[in-house]
Amino acid sequence: MGLRSHHLSLGLLLLFLLPAECLGAEGRLALKLFRDLFANYTSALRPVADTDQTLNVTLEVTLSQIIDMDERNQVLTLYLWIRQEWTDAYLQWDPNAYGGLDAIRIPSSLVWRPDIVLYNKADAQPPGSASTNVVLRHDGTVRWDAPAITRSSCPVDVAAFPFDAQRCGLTFGSWTHGGHQLDVRPRGAAASLADFVENVEWRVLGMPAQRRVLTYGCCSEPYPDVTFTLLLHRRAAAYVCNLLLPCVLISLLAPLAFHLPADSGEKVSLGVTVLLALTVFQLLLAESMPPAESVPLIGKYYMATMTMVTFSTALTILIMNLHYCGPSARPVPAWARALLLGHLAQSLCVQERGEPCGQSRSPELSPSPQSPKGGGGPPAGPCHEPRCLCHQEALLHHVATIANTFRSHRAAQRCHEDWKRLARVMDRFFLGIFFSMALVMSLLVLVQAL
């Protein structure tokens, strides 16, 4: 800054000492006007004729580009064009006295400039003014256009991520002059977006301006400021394709574990594989999301999906236990036989082989084994035939034992088939329940993207 001021002072000195004969007619008039204006001018004092008069400054902002939105640190970096206009009471002239010259362009460091700064600045570097020229008109109007790269604090709310919208305010105001000395007002109702370069992640909805007058605890006089609120909406297409759609497809795949045959041995493996895939996507999501107190929408969807897959895997294990009940298992309870194997199996079209859909087998009680001593054998009593089977008591006992064993085996086999059929009914029931849950959750999240 010292070297630049030295060069500007040297240039001003050379301009005063430059012979008029070395310039053209217009240049001689501009040089004469410059010498007349700055002969007794100082840029250290506020340029008003009366010290009690308020100097009005008009502020205009043009948004050129969104450089970065650091959601983790909540810092917004923008490239702006800032235009300030005010009236300098000591820089006025009659254009007729200078050949109709009504405007000149001079270095901004030669004139008084308002100390308007960005209040919510998030940069450690001190604010510096760009070394651009100002346009000075004959009525004393000074227009100063300067580009600026601003880093401002912006509270980010990611509750609806990746379908969130953000509001980032940029507050400009004088740092030392109160409202009785300097009044700042916006030009127009909003910042200009005519030269804005579209951002790949954020869509700009607008940048309205609002003037406020606040009184701070340090000072008694009011301080006016202008706040430009940048309205942003996130472009969620990349997040939907890379994070949301894979989770939706995986969540719809998880209930199909209930449709796999129990003898395949892959029912539990499918649930565990889906749970591991969701865990990997959850880690990728955690890296892209900023830390926040509230859980984002997509985070809630992942947690709900992982919980659903965990419960479906646990239910699959329980249903597998029902399927592999051995012959030693107790018979299906009467209420389960009537409710699940009767009405529910008929409504879900779970039938045995050769049985038409909608017509279930009537529940049967397991036959109890019969004792070898009963009415099933030949009538006891005296027999006069020597070759009659009634005299072969040992053979009759073995035949009765074989028949009872066969009946017991058929009863145990029928009991095992009932448990397997009950497992198929439960599989079909939970397939519909969990598939409906996954479909409803996915639709609720995808509707937010439309």
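What counts and how
Residues numbered from 1 in each chain as written. Predicted model: local features only at pLDDT ≥ 70, side-chain atom pairs only at ≥ 80, totals over all residues. Heavy atoms only, no water. Helix = DSSP H or I, 4+ residues; strand = E, 2+ residues; numbered from the N terminus. Buried < 20%, exposed > 50% of the residue type's maximum accessible area, 1.4 Å probe, protein only. Contact = heavy atoms within 4.5 Å. Areas by Shrake-Rupley, 256 points an atom, 1.4 Å probe, with all protein chains shown as cover. Phe/Tyr/Trp six-rings, centres within 6.5 Å; stacked < 30°, edge-to-face > 60°. Salt bridge = Lys/Arg side-chain N within 4 Å of Asp/Glu carboxyl O. pLDDT = per-residue confidence, 0-100. Pairing = 2+ DSSP bridges. Axes fitted to C-alpha atoms, helices over the stretch in contact; angles between N-to-C directions. Patch = residues over 30% accessible without salt bridge, like charges linked within 9 Å, V, L, I, M, F, W, Y side chains within 5 Å. Expected span 1.5 Å × (residues − 1). Arc of directions from axis to C-beta.

**Student:** I'm lost on the overall build of the chain in this one. Help?
**Tutor:** Along the chain, the regular secondary structure elements total seven helices and eleven strands. When the 450 residues of the chain are sorted by exposure, 36% land in the buried category. In the chain, the proportion of contacts linking residues at least 24 apart, taken out of those at least 6 apart, comes to 76%. For the chain, the exposed area adds up to about 25,700 Å²; of that, 60% sits on carbon and sulfur atoms.

**Student:** Mind showing me how you'd approach the packing of aromatic side chains here?
**Tutor:** Each pair of aromatic rings is reported with the distance of its centres and the angle of its planes. If you walk through the whole model with that rule in mind, you get twelve aromatic pairs. A centroid spacing of 6.0 Å and a plane angle of 65 degrees characterise the contact between Tyr119 and Trp175, whose relative ring orientation is edge-to-face. Here Tyr119, found in the loop between β4 (116-118) and β5 (133-137), pairs with Trp175, found in the loop between β7 (165-174) and β8 (182-186); they are 56 residues apart in sequence, far enough to count as distant. For Tyr119, a relative accessible area of 24% corresponds to the partly exposed category. Pairwise contacts between aromatic rings join Phe258, Phe429, Phe430 and Phe434 into one cluster.

**Student:** Even after reading the chapter, I still don't get the pattern of salt bridges, so can you show me in this structure?
**Tutor:** Where charged atoms from two side chains of opposite charge approach closely, those side chains can pair. All chains considered together, the criterion is met by 14 salt bridges. Salt bridges sharing common partners tie together Glu71, Asp164, Glu201 and Arg234.

**Student:** So what exactly am I meant to see when it comes to unusual backbone geometry here?
**Tutor:** A negative phi angle characterises most non-glycine residues, just as the trans form characterises most peptide bonds. In this structure, Pro162 follows Phe161 across a cis peptide bond, with omega equal to 5 degrees. Structurally, the position occupied by Pro162 is in the loop between β6 (141-153) and β7.

**Student:** Would you mind showing me how to read the confidence of the model for the chain here?
**Tutor:** Confidence in the prediction for the chain averages 81 pLDDT; 80% of positions are at 70 or higher. Confidence drops under a pLDDT of 50 for residues 1-23, and excluding neighbours within four residues, the segment shows 19 contacts in the predicted structure. Within the model, pLDDT remains below 50 along residues 362-380, and this stretch shows 15 contacts once partners closer than five positions in the same chain are excluded.

**Student:** Would you mind going over the sheet that holds strand β3 (residues 103-107) with me for this structure?
**Tutor:** Two orientations exist for strands paired in a sheet by backbone hydrogen bonds: parallel and antiparallel. What the six strands build is an open sheet, ordered β3-β5-β6-β2-β1-β8; its pairing is mixed. Whereas interior strands pair on both sides, the edge strands pair on one side only; in this sheet they are β3 and β8. Averaged over all pairs of adjacent strands, the angle between strand axes in this sheet comes to 30 degrees, irrespective of strand direction. In this sheet, strand β2 (residues 75-87) lies alongside strand β1 (residues 55-70) in antiparallel orientation, the contact comprising eleven bridges. Looking across to β2, one finds that Val61 is bridged to Ile82.

**Student:** Is there a simple way to explain a nonpolar patch on the surface in this structure?
**Tutor:** Residues Phe429, Ile433 and Met437 make up a contiguous nonpolar surface patch of roughly 240 Å² in combined accessible area. The topology assignment puts Met437 in helix α7 (residues 393-449).

**Student:** When you look at helix α4 (residues 267-288) in this model, what are you seeing that I'm missing?
**Tutor:** Side chains of residues three or four places apart in an α-helix project in the same direction, reflecting 3.6 residues per turn. With 22 residues, α4 extends 33 Å from end C-alpha to end C-alpha; this agrees with the ideal 32 Å at 1.5 Å per step. When we look at burial in α4, the residues that qualify are Lys267, Gly271, Val274, Leu278, Phe281 and Leu285. Looking down the long axis of α4, one finds its buried residues gathered within 95 degrees of arc, a one-sided arrangement. Opposite its buried face, α4 presents the exposed residues Leu276, Leu283 and Glu287, each directed more than 90 degrees away.

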